[in-house]
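# Descriptive structure summary
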Amino acid sequence: MKPAPSPDVAAVVLSPSFDVPAFVMTTPVPDIRTLIAADDDAGDRLDRFLHRKLPEISRSRFKDLTKAGFVTIGQQECRDPSRGIAAGDTVAVTLPPPEDAEPRAEAIPLDVVFEDDDLIVIDKPAGLVVHPAAGNWTGTLVNALIAHCGESLSGIGGVRRPGIVHRLDKDTTGLMVVAKTDRAHAGLSEQFAAHGRDGLLVRAYLALVWGAPARRKGVIEAALGRSSANRQKFAVVANGGRPAVTRYEVVEALPGGRPDPAVSLVRCELETGRTHQIRVHMAHIGHPLLGDSLYGAGFAASRSRLDDRARAALDALARQALHAAVLGFRHPVTGEDLRFDRPLPPDMAALVEACRRQSP
């Protein structure tokens, strides 16, 4: 597929009256592919249909384009890549011009907890995506780090993920460490790959969950893989999953002293680092995180156990109640053991306080 021309490249137009070329600026012409579904396409998923018709573009790319609003069916925008195709459907997909391979610096404020020549530790706010990807090419932590660190940021992770050795979900807050040099990147990556088995790395999260686990302390050991029902989700799987281990401890039952608390503040420590691990594991044992629409949708009725103040605080949270509160590691260059602690962010702290004030 031939890429669309870049808007900042001048096209040369030869004038018939002069030997000197006249330069004019051109704008990219949208690359729109229009397809009409045949009888044997009926019932196929939209993303699969597009990939079969345009095999030079990956199915995952079509998923991203659909979710971003670049696909129409019968001139109506469709953002569901799983939608079924009917015979005779006219499907149009707009292929945007290629993005710059290298993310650009953006002056996004960072809460810097620690920084030296080799690494930086930040307290990530809710809503900040870690690295550029489909639908989030700008406004990410990587864009902010490039502006803050300049040329010192490690490039081992690739141009879209410079310095990144681990990540947090978009709406999870808390501590992250980023490498500024290649030497630091390599050393930190080894520690994160070991997941604390060598005694160097410590990661602890605070979560607000519905109800209270039967055991105050416990270990959840359950392999995780993509959900067969929803590919956007992860799930505990019997076969083919990746090993995942989470240790948890109930810090406080809220409101305190209630025999059957509506909410618990739980501390979780990771022995593995799977995507959505805490969210999936806590939901697996029947105690999903408050505000987690992806893994806790079945617990919407639990809101009725909260009073008006607590429900208002939960609505104000508008995200999963998860915070990376503790991060400890050995400095990959100096050898110093470092440990950082960050309190709950204001939205989670307000929800905890509102739950505490409920009548037992």
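For the structure, check the block above.
I will try to describe carefully the structure that is included in this document.

### Considerations on the overall build of the protein
Helix and strand content of the protein: seven helices and 17 strands. Buried positions account for 41% of the 360 residues belonging to the protein. Taking as baseline every contact in the protein between residues at least 6 positions apart, the subset at least 24 positions apart corresponds to 65%. When the accessible surface of the protein is summed, it comes to about 18300 Å², and 51% of that surface belongs to carbon and sulfur atoms.

### Some words on the pairing of strand E11 (residues 217-221)
What you see with E11 is a clean split: Gly 218 and Ile 220 sit on the buried side and Lys 217, Val 219 and Glu 221 on the side with no burial. Here five bridges tie E11 to strand E14 (residues 245-254), and the two strands are oriented antiparallel to one another. Bridge pairing in E14 links Lys 217 to Glu 249.

### So, the pattern of salt bridges
Applying the stated criterion across every chain yields a total of 24 salt bridges. Measuring nitrogen to oxygen at the nearest pair gives 3.1 Å for the salt bridge that ties Arg 48 to Asp 44. Taking the relative accessible area as the measure of exposure, Asp 44 reaches 11% and is therefore buried. Salt-bridge contacts for Arg 303 lead to Asp 315; the nearest nitrogen and oxygen are separated by 2.7 Å. Residue Arg 303 is found in the loop between helix H5 (277-284) and helix H6 (308-317), and its partner Asp 315 is found in helix H6; the two are separated by 12 residues along the sequence. For Asp 315, a relative accessible area of 48% corresponds to the partly exposed category.

### Things to note about helix H2 (residues 59-67)
Considered for burial, the residues of H2 that qualify are Phe 62, Leu 65 and Thr 66. Along the axis of H2, the buried positions cluster into a sector of 100 degrees, meaning they face one direction only. Those residues of H2 that are buried are in contact with helix H1 (46-53), strand E4 (71-73) and strand E6 (90-95).

### Comments concerning the packing of H1 against H2
Look at H1 against H2: their axes get within 9 Å of each other, and the N-to-C directions meet at 125 degrees. Compared by their axis directions, H1 and H2 come out oblique. Helix-helix and strand crossings are classified by hand; for H1 and H2 the assignment is right-handed. Residues Leu 46, Asp 47, Arg 48, Leu 50 and His 51 of H1 lie in contact with H2, whose contacting residues are Arg 59, Phe 62, Lys 63 and Thr 66. Split by residue class, the contact of H1 with H2 holds three nonpolar, two polar and four charged.

### A closer look at the packing of aromatic side chains
Under the defined criterion, the tally for this structure stands at two aromatic pairs. Between Phe 114 and Phe 340, the aromatic rings sit 5.5 Å apart at their centres with planes inclined by 45 degrees, giving tilted as the arrangement. Taken together, the positions of Phe 114 in strand E7 (residues 112-115) and Phe 340 in strand E17 (residues 337-341) put the pair 226 residues apart, joining distant regions of the chain. Overall, Phe 114 belongs to the partly exposed group, its relative accessible area being 23%. Phe 340 gets classed as buried once you look at its relative accessible area, which sits at 11%. Taking the centre distance of 6.1 Å and the plane angle of 40 degrees together, the rings of Phe 329 and Phe 340 count as tilted. You can see Phe 329 sitting in strand E16 (residues 322-330) and its partner Phe 340 sitting in strand E17, a full 11 residues away along the chain. Take Phe 329: its relative accessible area is 1%, and that puts it in the buried class.

### Quick look at the layout of surface pockets
Of the voids in this model, the largest pocket is the one considered here, and its volume is about 1200 Å³. What lines the largest pocket is a set of 30 residues, among which Lys 67, Arg 167, Arg 226, Gln 232 and His 276 lie closest to the centre. Top element by residues in the lining of the largest pocket is H2. It accounts for four residues. A class-by-class count of the residues in the lining of the largest pocket yields eight nonpolar, 10 polar and 12 charged.

About the thresholds
Residue numbering note: each chain is counted from 1, following its sequence as written. Predicted model: local features are reported for residues with pLDDT of at least 70 only, side-chain atom pairs are reported and counted for 80 or more only, and whole-chain, interface and lining totals are derived from all residues. Hydrogens and water molecules were not included; the side-chain quantities draw on all heavy atoms of the structure. Comment: elements are numbered from the N terminus, with helices defined as DSSP H or I runs of at least four residues and strands as E runs of at least two. Only protein chains enter the accessibility calculation, which uses a 1.4 Å probe; a residue whose area is less than 20% of its type maximum is buried, one above 50% is exposed, and one in between is partly exposed. By the convention used here, residues are in contact when the closest approach between their heavy atoms is within 4.5 Å. In these tables, accessible area is a Shrake-Rupley quantity obtained with a 1.4 Å probe, and a residue counts as shielded only by the protein chains included in the view. DSSP-based pairing: two strands are paired if at least 2 bridges between them are found. Only one rule defines a salt bridge in this text: a Lys or Arg side-chain nitrogen within 4 Å of an Asp or Glu carboxyl oxygen. By construction, the arc corresponds to the directions joining the helix axis to the C-beta atoms. Fitting a line to C-alpha atoms yields each axis, with helices limited to the stretch in contact; the angle taken between N-to-C directions then spans 0 to 180 degrees. Should an angle fall under 35 degrees it is taken as roughly parallel, and over 145 as roughly antiparallel, whereas 65 to 115 is taken as roughly perpendicular and any remaining angle as oblique. Left-handed describes a crossing in which the near helix is turned anticlockwise from the far one by less than a right angle; the clockwise case is right-handed. Amino acids are sorted into nonpolar (Ala, Val, Leu, Ile, Met, Phe, Trp, Tyr, Cys and Pro), charged (Asp, Glu, Lys and Arg) and polar (every other residue, Gly among them). Each Phe, Tyr or Trp ring (for Trp, its six-membered ring) is paired with any other whose centre lies within 6.5 Å, and the angle between the two planes then decides the class: stacked below 30 degrees, edge-to-face above 60, tilted in between. Whether a set of points on the 1 Å grid over the protein atoms alone is a cavity depends on a 1.4 Å probe fitting there but being unable to get out, while an open set qualifies as a pocket with protein on both sides within 12 Å along at least five of seven lines; lining residues are those with an atom within 4 Å of a point. Grid points are joined across faces, edges and corners, and a volume is the space filled by probe spheres set on the points.

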